[in-house]
Amino acid sequence: MRLGVGTGWWRSSFGLVAIVGIVFALTTLAIGVIAYVATHEALEQQLDHRIATETAALIDEGDDGPEGVAVAIRRREAARSTASLDFLLVDPDGRTVAGSLGATVPALPGYVELLPYERNGEQRIAQSLTTLLPGGHRLLVAADRAPIDEMDRSLLKLFVGTFGLMLVLGIGAAWIVGTVTRRRLASIHGTAQAIIGGDLGQRVPVSGAGDEFDDVAVTLNRMLDRIGLLIDNLRQVSSDVAHDLRTPLTRLHNRLDEALATDDREGQRGAIAAASAQSRELLDIFAALLRIAEVEGIGSQAHFKPLDLSALVEGVDETYRPDMEASGHSLTADIAPDITLHGDRRLMQQLLTNLLDNALSHTPAGTTVHLSLTLSGGRTLLVVTDDGPGVADGEGARLFQRFARGERSRTSDGHGLGLALVAAIAAAHGGSARLMPGPGFKVAIEL
Amino acid sequence: MRILIIEDDAETNRFIARGLTELGHQVVVSHDGRDGLFQAMEGGFDALVIDRMVPGLDGLSLVRALRAAGNAAPVLMLTAIGGIADRVEGLEGGADDYLVKPFAFSELAARVSALGRRQAATADPARLVAGDISIDLNRRTVSRAGQRVTLQPREFALLAELVRNAGRVMTRTMLLERVWDFDFDPKTNIVETHLSRLRSKLNAGFDTDAIETVRGAGYMIRGG
């Protein structure tokens, strides 16, 4: 976030509002200029029109020549009926015949916009029309320009004032908006800086005004919470992995030490074989961890295809039946036909085999394992349940985490990764895996 | 068999080459994709073992280039990433088999020999024969020395796979992939259990075991 000067300064909120303010002020100025010119012209035309009308009237009244015009002028001046108009009639030699206008009559007939004249010893400006009468007399009719000038001045004052006000308001608004925006952004900026600096607990302050800045702050905070949760999760997983790999690594190390320490060829072979088995187990753990990470990381379900879940479950049921029977378990199944799923065939098979492997390795002979696939309310429900010892209360959700093992299965083999993979596969298919209340062990996969 | 190995990791390359040579195969090695493609194009190989991530030209592009050039030498692809979509991509790209690292050498050896030229198809494509075992794929019937044997569908599929590859060792994971379509290894010994059931049905009334167990490697049916 850059609010300073530079090529893009106008993109800051101060710049944007200032530009809007200046545009408004300039528009006002342009309108002012147009109105000023139009008013000015209209007033001048109006004056011209009055002068022309009066001139025509005078000539009309004095139709018998300059004498008549002079009489008409005197009559008007006496009556003071046309206070704003002044007259002057001069003979061909320029001598005044009638009228009191204190000015020199222009030599040529026609309009003169700015005619200097004198009234009561004061120099003034008038607008005038000089008319050449038959016989060489010249009639000058003039109107004082004071009203026009006055109007001009008023308009000028009005528009300059408005322009100035708009400018001040615009810049002021820009400053206020700029300052407020900068202050709010600075708090977000500060939080981000603190997080970059390593303080992941920082959150963007929410003013409580409920404005758009608060909306952004709340969203950012939720994002930070989510990231925090993921990072915690990752830390937990990493430390679990490190912790749980230490045991097999230690065993491997011990076996190799044992092999080194003994001179007995047979003993060495045995120790190396055990070490090899340990390393195999480590590789299996890594493979399982990678598989879980991979399933959790399935971003797109691009390779998912429609598959016949009923047939798949039947196939796994059939595959496991001999082993179940061989170990003294019994497997029963209740599979609704024609249930399809958009998913990965091998992953779904792995999900099922993990659950059945679990049941086989954690329950005693004589246990019945039941497999059911049903469709209810548009959701597919896959349940694997057994009437074995089940798990201790409160172990429920934890069992779906990596390396989590039930207290009762501590002694049996396995690494606590099977159910984590089950949960990951269910999640990758937009479903969930959960432990249902006993008796026995009961896992429901909702898809 | 004459085998070309294209693998950049010297350790893995040596490990595979030594093992295959000990088994009596003639081995040529290459450490680079481009060089490997050049050698493979010269032909004369019965099988190619190609790492998916070799420098120069990656394994997948290499196989595509080979196939595009009309070279049909069977390919076993090796990979360190057992990605879910990865395997499908490899097989669709023209590889004949796919093996994820780390692997036991016996697994690789079994897969390489399984890649070798298949026996000439019998006159009847719906009939598979190995030794005294005969399978009718259409009627889904099995007989040993003319005597009918009744099998479960999965046992039938298992036997058909073994007979189809008669004379070659099939490993546990190969059977899991081909008979069950599992790309993972379940904890439960489903292969062993099914094999023992299949065996007891096939061997009933006979003195010789129809299915040979190759220690540390897998299972095999003799004869062709």
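Use the structure listed above.
Being a predicted model, the structure only gives us computed values, none of them experimental.

This part covers the overall build of chain A. Secondary structure assignment for chain A yields eight helices and twelve strands. Taking all 447 residues of chain A together, 26% fall into the buried category. Once local pairs closer than 6 in sequence are excluded, the contacts in chain A between residues at least 24 apart make up 60%.

Check the secondary structure of chain B and you find eight helices and twelve strands. For chain B, with 224 residues in total, the buried portion stands at 35%. Restricting the contact set of chain B to residue pairs at least 6 apart, pairs at least 24 apart contribute 59%.

All names here are of chain B. The sheet built from four strands is open, its strands ordered 6-7-8-9 with antiparallel pairing. With partners counted over all chains shown, the strands left at the sheet margins are strand 6 (127-130) and strand 9 (147-149), one partner each. With direction set aside, neighbouring strand axes in the sheet form an average angle of 25°. Relative to strand 7 (residues 133-136), strand 6 is paired through four bridges, and the arrangement is antiparallel. Looking at the pairing, R127 lines up with D136 of strand 7.

What follows covers the interface of chain B and chain A. Contacts between chain B and chain A engage 19 residues on the former and 20 residues on the latter. Mapped by element, the contributors of at least two residues to the side of chain B that touches chain A are helix 4 (84-92) and helix 8 (190-203) of chain B. If you tally residues by element for the side of chain B that touches chain A, the top one is helix 8 of chain B, at four residues. Within the side of chain B that touches chain A, the residues separate by chemical class into nine nonpolar, five polar and five charged.

All names here are of chain B. Between helix 6 (residues 153-164) and helix 7 (residues 172-180), the least distance of the axes is 10 Å, while the angle of their chain directions is 120°. Considered as vectors, helix 6 and helix 7 are oriented oblique to each other. In this structure, helix 6 meets helix 7 at a crossing whose hand is right-handed. Residue-level inspection shows R154, A157, L158 and E161 of helix 6 in contact with helix 7, the latter providing L175, R178 and V179. Residues of the contact of helix 6 with helix 7, tallied by class, amount to four nonpolar, no polar and three charged.

What follows deals with the environment of R379 of chain A. Residue and element names in this part refer to chain A. For R379, the position within the fold is in strand 10 (residues 379-386). Linking R379 and G431, residues 52 residues apart in sequence, is a C-alpha distance of 9.3 Å. Filtering out sequence-adjacent residues up to four positions away, R379 remains in contact with E446 and L447.

To continue, consider the packing of helix 5 (residues 265-296) of chain A against helix 8 (residues 418-428) of chain A. All names here are of chain A. Running from amino to carboxyl end, helix 5 crosses helix 8 at an angle of 20°, the nearest separation of the two axes being 8 Å. If you check the angle between helix 5 and helix 8, you find them roughly parallel. Here helix 5 and helix 8 pass one another in a crossing that is left-handed. Between helix 5 and helix 8, the residues in contact are A288, R291, I292, V295 and E296 and A420, L421, A424, I425 and A428, respectively.

A few words on the pairing of strand 5 (residues 97-100) of chain B. Residues and elements named next belong to chain B. Here strand 5 shows two buried faces, one formed by D97 and L99 and the other by Y98 and V100. Pairing of strand 4 (residues 75-79) with strand 5 involves four bridges; the strand directions are parallel. Residue pairing across strands places L78 opposite L99, the latter belonging to strand 5.

Residue and element names in this part refer to chain A. An ideal rise of 1.5 Å per residue puts 26 Å on 18 residues; helix 6 (residues 309-326) measures up with 26 Å between its terminal C-alpha atoms. The largest bend in helix 6 amounts to roughly 35° and is located at Y320, with the proline P322 lying one to four residues further along. Within the span of helix 6, buried status applies to L309, L312, V313, V316, T319, Y320, P322, D323 and M324. Phi for G328, located one or two positions after helix 6, is positive at around 80°.

This part takes up the sheet that holds strand 10 (residues 170-171) of chain B. Strand pairs in the sheet, formed through backbone hydrogen bonds, run parallel or antiparallel to each other. Residues and elements named next belong to chain B. Read across the sheet, three strands follow the order 10-12-11 without closing on themselves; strand pairing throughout is antiparallel. This sheet does not close on itself; its edge strands, each paired only once, are strand 10 and strand 11 (212-214). Relative to strand 12 (residues 218-220), strand 11 is paired through three bridges, and the arrangement is antiparallel. Counted as the bridge partner of E212 is M220 from strand 12.

Moving on: the environment of R434 of chain A. Structurally, R434 of chain A is set in strand 11 (residues 432-435). When the 14 C-beta atoms within 10 Å are taken as the criterion, R434 of chain A is described as partly exposed.

A word on unusual backbone geometry. As a rule of thumb, non-glycine residues mostly have phi less than zero, and peptide bonds are mostly trans rather than cis. Looking along the chain, the bond that leaves K101 of chain B and enters P102 of chain B is cis, with omega of -5°. The residue D338 of chain A is not glycine, and still its phi comes out positive at about 60°. With respect to the helices, strands and loops of the structure, D338 of chain A is situated in the loop between strand 7 (330-335) and strand 8 (340-343). Owing to 9 C-beta atoms within 10 Å, D338 of chain A belongs among the exposed residues under this scheme. At D181 of chain B, a position not held by glycine, the phi torsion is positive, near 65°. Mapped onto the elements of the fold, D181 of chain B is located in the loop between helix 7 and helix 8. A tally of 12 C-beta atoms within 10 Å means that D181 of chain B is categorised as exposed.

Here we come to the pairing of strand 4 of chain B. On any regular strand, side chains alternate: one points to one face of the sheet, the next to the other face. Most of strand 4 of chain B is tucked away, with five of its five residues classed as buried. Handedness of the strand 3 (residues 47-51) of chain B-helix 3 (residues 59-68) of chain B-strand 4 of chain B crossover: right-handed.

Attention now moves to the environment of P205 of chain A. Residue and element names in this part refer to chain A. Along the chain, the position of P205 falls in the loop between helix 3 (146-196) and helix 4 (212-261). Assessed through the 15 C-beta atoms surrounding it within 10 Å, P205 is described here as partly exposed. Counting along the chain gives 21 residues from P205 to R184, while the straight-line C-alpha distance between them is 9.1 Å. What P205 contacts, discounting residues up to four positions off in sequence, is S187 and A217.

Cut-offs applied
Residues numbered from 1 in each chain as written. Chains lettered and ligands numbered in written order. Predicted model: local features only at pLDDT ≥ 70, side-chain atom pairs only at ≥ 80, totals over all residues. Helix = DSSP H or I, 4+ residues; strand = E, 2+ residues; numbered from the N terminus. Buried ≥ 20, exposed ≤ 12 C-beta atoms within 10 Å, placed from the backbone. Contact = placed C-beta atoms within 7 Å. Pairing = 2+ DSSP bridges. Axes fitted to C-alpha atoms, helices over the stretch in contact; angles between N-to-C directions. Nonpolar A, V, L, I, M, F, W, Y, C, P; charged D, E, K, R; others polar. Parallel < 35°, antiparallel > 145°, perpendicular 65-115°, else oblique. Left-handed = near helix turned anticlockwise from the far one by under 90°. Expected span 1.5 Å × (residues − 1). Bend = angle between axes of the 7 residues up to and from the residue. Right-handed = clockwise from strand over helix to strand, strands pointing away.

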